[in-house]
Amino acid sequence: EWIDFIFFYNRIIDRFEMTKQQNVTFERKLPDHSAFVEIDEDKLTQVLDNIISNAMKYSPEGGRITFSIEEKDEFIVVSVTDQGVGIPKENIDQIFERFYRVDKARTRKLGGTGLGLAIAQEMVEAHGGDIWATSTEGKGTTISFSLPYVRSEEDDWE
Ligand code: ATP
Ligand code: MG
């Protein structure tokens, strides 16, 4: 189904913003026009739920979460950036593995099974995209994924 990803992303961010119990600030860096992609809405909702819940879970009191979309030629890149504990370089590729959790002691109190990102990866790849992480320990983490995108012809006519 073709949907405007900007509208879709905003609606999911709104839901987290309205129900959040933590002191975190949300910032959106999104295009002010639509970007149509062909996706399964339920699956992409789960992808974003998993990524955003992690960002909330690992955010410090008073932290900021930044939501962005960049339009490339053939992809859009969707990112969620937090100011949390970060992920050590040597573990960064493993976070997408099933049941993998960086630091058992640290994450035990936060709960979870280590499946969220493995599921997100499976669903993004099923849509023909990629998912990756960049992080600096003690500073924060960005989880990004791409989705195939064809710029609408209307944009070229301007
Ligand atoms: P679940 O999602 O199943 O409830 P989980 O959150 O532990 O459990 P994943 O979402 O797959 O599992 O994440 C795997 C691990 O990657 C986490 O346990 C955590 O160590 C690390 N991680 C994921 N997102 C972040 C983040 N935003 N900041 C710091 N560490 C993260
Ligand atoms: Mg998770």
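Below: a short report on this structure. All values reported here derive from a predicted model rather than from experimental measurement.

Comments concerning the sheet that holds strand β5 (residues 75-82)
- As summarised here, the arrangement of the five strands in space is β2-β4-β5-β7-β6, forming an open sheet in which the pairing is mixed. The outermost strands of the open sheet, each flanked by one partner alone, are β2 (25-29) and β6 (131-136). Neighbour-to-neighbour, the strand axes of the sheet open up by a mean angle of 15°, direction not taken into account.
- Sheet topology note: the β2/strand β4 (residues 64-71) ladder contains five bridges and is parallel. When the bridges of β4 are listed, T25 appears paired with R64.
- Along the sheet, helix α1 (residues 5-19) contacts β2, β4 and β5; its crossing angle with β4, the most-contacted strand, is approximately 175°.
- The sheet strands contacting helix α2 (residues 41-57) are β4, β5 and β7 (140-148), and the helix crosses β5 at an angle near 25°.

Remarks on helix α4 (residues 116-126)
- Listed as buried for α4 are L117, A120, Q121, M123 and V124.
- Tucked inside the fold, the buried residues of α4 contact α2, β6 and β7.
- Where α4 terminates, the next one or two residues include G128, which has phi positive at roughly 85°.

Brief notes about the nonpolar core
- Grouped together as the largest cluster of nonpolar side chains are 29 residues, with contacts concentrated most on V37, V47, I51, I76 and V80.
- Counting residues per element, this core draws most heavily on α2, which supplies six residues.

Concerning the pairing of β7
- One ladder, built from eight bridges, connects β5 with β7; its direction is antiparallel. By the bridge assignment, V80 is partnered in β7 with I143.
- Where β6 and β7 come together, six bridges link them in antiparallel fashion. Within the sheet, the bridge partner assigned to I131 lies in β7 and is F145.

Reading guide: rules and limits
- Residues numbered from 1 in each chain as written.
- Chains lettered and ligands numbered in written order.
- Predicted model: local features only at pLDDT ≥ 70, side-chain atom pairs only at ≥ 80, totals over all residues.
- Pairing = 2+ DSSP bridges.
- Helix = DSSP H or I, 4+ residues; strand = E, 2+ residues; numbered from the N terminus.
- Axes fitted to C-alpha atoms, helices over the stretch in contact; angles between N-to-C directions.
- Contact = placed C-beta atoms within 7 Å.
- Buried ≥ 20, exposed ≤ 12 C-beta atoms within 10 Å, placed from the backbone.
- Core = buried A, V, L, I, M, F, W, Y, C linked by C-beta atoms within 7 Å.

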